[in-house]
Amino acid sequence: MTDFQEMDRRGLVLVGCGRMGGAMLRGWLARGLEPGAVTVIDPKLGSDWADKGLRVNAPLPDDPAVLVLAVKPQMMADALGELPDLRDTLVISVAAGTTIASFENAFPDSPVIRVMPNTPAAIGQGISAMIGNAAATPAHLDLAEALMRAVGRVVRLQSEDQMDAVTGLSGSGPAYVFHLIETMAAAGEAQGLPAELALELARMTVAGAGALAVDADEDPGVLRENVTSPGGTTAAGLKMLMDAETGLPPLMLRTVAAATARGRELGAAK
Ligand SMILES: NC(=O)C1=CN([C@@H]2O[C@H](COP(=O)(O)OP(=O)(O)OC[C@H]3O[C@@H](n4cnc5c(N)ncnc54)[C@H](OP(=O)(O)O)[C@@H]3O)[C@@H](O)[C@H]2O)C=CC1
Ligand SMILES: O=C(O)[C@@H]1CCC=N1
């Protein structure tokens, strides 16, 4: 169990409890965060959060340990406008694009940490990247890391400039993988498999390969070669998939570049 002592004592405020905020909250509660210490601010909170002992749309505690901002970047200004002054509270934002500087305007002198998580956090399998402002002390960074470690792995960035690329890779990445499952299943169907069977094969292949990629000592390239018999079926498939002109490499390059650029645009729109 993670040590949530500071949050249990002073409180944690979550602003925005949709797909990402909800995924993190589910993980924190499962890891032992005291529900009564959590104030959730979300005007239309879903009924699945009822009867969990959370403080829902209630007045904020006087001096919460952490404020987690998980609203859409486009809604951030409105959400910030509704919050009282906070002095000793660690401000954590998971919003794509939205820069640390924009939070420093709203919370002068406050420690601010930008975190980019992803939705596998809901089952403790997320990966979060984080970077803090000058007011964020090592203790603040450790506190944020403890929170995010409760829902997966954590990496610390060297510079905020890396955050848009992180967003384009691991923040958005689960969607790319879900689409990979969809396209593999459709391709199996095109080869004559029933839809349900094709989906099950695609889903478990991606899940198993992902787990092996994490567990194994070898790089993904070696794991790929382990599947590929000379002159066999995989080699025939990979000839298409790895084509430098028409295959996955240029497509993935364009995909992550487009997501990264959108992150930059969202930041510039502030
Ligand atoms: N989804 C993902 O995979 C990831 C998302 N993020 C970031 O997380 C943030 C949230 O994204 P996501 O969870 O997908 O979005 P959602 O729309 O699912 O969640 C946002 C929630 O905030 C609520 N909300 C809107 N305005 C306010 C307000 N003023 N005060 C409090 N709550 C408010 C929304 O309510 P309503 O629906 O009624 O408007 C909604 O429930 C974004 O900034 C995104 O960039 C980061 C990493 C991954
Ligand atoms: O699509 C988005 O903008 C958010 C950020 C990363 C994942 N979802």
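Residues numbered from 1 in each chain as written. Chains lettered and ligands numbered in written order. Predicted model: local features only at pLDDT ≥ 70, side-chain atom pairs only at ≥ 80, totals over all residues. Heavy atoms only, no water.

1. What to know about helix α11 (residues 248-268)
1) Next: With 21 residues, α11 extends 30 Å from end C-alpha to end C-alpha; this agrees with the ideal 30 Å at 1.5 Å per step.
2) Next: Check the buried side of α11 and you find it contacts α6 (163-171) and α7 (173-190). (Helix = DSSP H or I, 4+ residues; strand = E, 2+ residues; numbered from the N terminus. Expected span 1.5 Å × (residues − 1). Contact = heavy atoms within 4.5 Å.)

2. Comments concerning the pattern of salt bridges
1) Next: Taken as a whole, this structure holds nine salt bridges when the rule is applied.
2) Next: Two residues, Arg156 and Asp142, come together in a salt bridge whose shortest N-O distance is 2.9 Å. A residue pair is termed long-range when its members are at least 10 positions apart, and Arg156 in strand β8 (residues 152-156) and Asp142 in helix α5 (residues 138-149) qualify at 14 residues.
3) Next: Given a relative accessible area of 38%, Arg156 falls into the partly exposed group. (Salt bridge = Lys/Arg side-chain N within 4 Å of Asp/Glu carboxyl O. Buried < 20%, exposed > 50% of the residue type's maximum accessible area, 1.4 Å probe, protein only.)

3. Section: the side chain of Glu145
1) Next: Among the secondary structure elements, Glu145 is positioned in helix α5.
2) Next: A polar atom in the side chain of Glu145 sits 2.4 Å from the side chain of Arg149. (Polar contact = N/O pair within 3.5 Å; in protein donor to acceptor, adjacent residues only side chain to side chain.)

4. Examining the site of ligand 2
1) Next: Residues in contact with ligand 2, as listed here, are Ala96, Thr167, Gly171 and Ser172.
2) Next: Contact with the protein chains hides 48% of the accessible area of ligand 2, taken as 240 Å² for the molecule alone.
3) Next: Classifying every residue of the shell around ligand 2 by side-chain character gives one nonpolar, three polar and no charged. (Near = heavy atom within 4 Å. Areas by Shrake-Rupley, 256 points an atom, 1.4 Å probe, with all protein chains shown as cover. Nonpolar A, V, L, I, M, F, W, Y, C, P; charged D, E, K, R; others polar.)

5. Notes on the environment of Thr260
1) Next: Note on placement: Thr260 falls in helix α11.
2) Next: Residues Thr260 and Val166, spaced 94 residues apart in sequence, show a C-alpha to C-alpha distance of 7.8 Å.

6. Some remarks on the nonpolar core
1) Next: Core analysis: the biggest nonpolar cluster contains 36 residues, and Leu12, Leu25, Trp28, Val66, Ile92 and Ile113 have the highest contact counts within it.
2) Next: Those elements that provide at least two residues to this core are β1 (12-15), α2 (19-30), β2 (38-41), β4 (66-69), β5 (90-93), β6 (112-116) and α5.
3) Next: Not counting residues up to four positions away in its chain, the partners in contact with Ile113 are Leu90, Val91, Ile92, Ser93, Met130, Ile131, Gly132, Ala136, His140, Leu141 and Ala144.
4) Next: If you look at the next biggest cluster of nonpolar residues, it comprises 23 residues, including Leu67, Val91, Phe107 and Leu157. (Core = buried A, V, L, I, M, F, W, Y, C linked by side-chain atoms within 4.5 Å.)

7. Focus on the site of ligand 1
1) Next: Taken together, 23 residues surround ligand 1, and among them Arg19, Met20, Asp42, Val71 and Ala96 come closest.
2) Next: Within the side chain of Lys72, a nitrogen or oxygen atom sits 3.3 Å from an oxygen atom of ligand 1.
3) Next: The separation between a nitrogen atom of ligand 1 and a polar side-chain atom of Glu82 is 3.5 Å.
4) Next: When isolated, ligand 1 has an accessible area of 880 Å², and the protein chains bury 79% of it.
5) Next: Tallied by class, residues from the shell around ligand 1 come to 15 nonpolar, three polar and five charged.

8. Some thoughts on a nonpolar patch on the surface
1) Next: Among the surface-exposed residues, Leu241, Met242, Leu248, Leu251 and Met252 lie close enough to one another that they form a single nonpolar patch of about 400 Å² accessible area.
2) Next: When residues of the nonpolar patch are assigned to their parent elements, the largest contribution, three residues, is made by α11.
3) Next: Its location among the elements puts Leu251 in helix α11.
4) Next: Classification of Leu251 as partly exposed rests on a relative accessible area of 42%. (Patch = residues over 30% accessible without salt bridge, like charges linked within 9 Å, V, L, I, M, F, W, Y side chains within 5 Å.)

9. Focus: the packing of α6 against α11
1) Next: The geometry of α6 relative to α11 is characterised by a closest axis approach of 8 Å and an angle of 135 degrees between their N-to-C directions. Between α6 and α11, the angle is such that the two are oblique. For α6 against α11, the interelement crossing comes out right-handed. Along its contact with α6, which presents Asp164, Ala165, Gly168 and Leu169, the element α11 presents Val256, Ala259, Thr260, Gly263 and Arg264.
2) Next: Considering only residue class, the contact of α6 with α11 consists of four nonpolar, three polar and two charged. (Axes fitted to C-alpha atoms, helices over the stretch in contact; angles between N-to-C directions. Parallel < 35°, antiparallel > 145°, perpendicular 65-115°, else oblique. Left-handed = near helix turned anticlockwise from the far one by under 90°.)

10. Here we look at the side chain of Ser93
1) Next: Positionally, Ser93 belongs in strand β5.
2) Next: Here the side chain of Ser93 touches Ala95 through a polar contact of 3.0 Å, landing on its backbone nitrogen.
3) Next: In contact with Ser93, not counting residues within four places along its chain, are Leu69, Met76, Phe103, Ile113, Arg114 and Val115.

11. A short note on the pairing of β1
1) Next: Side chains Leu12 and Leu14 of β1 all project onto a buried face; the interleaved residues Val13 and Val15 project onto the opposite face, where all are buried too.
2) Next: Pairing geometry for β1 and β2, over four bridges, is parallel. Bridge pairing in β2 links Val15 to Ile41.
3) Next: Tracing the backbone out of β1, into α2 and back to the parallel element β2 gives a crossover that is right-handed.
4) Next: By the bridge criterion, four bridges tie β1 to β4 in an arrangement that is parallel. By the bridge assignment for β4, Leu12 is matched with Val66. (Pairing = 2+ DSSP bridges. Right-handed = clockwise from strand over helix to strand, strands pointing away.)

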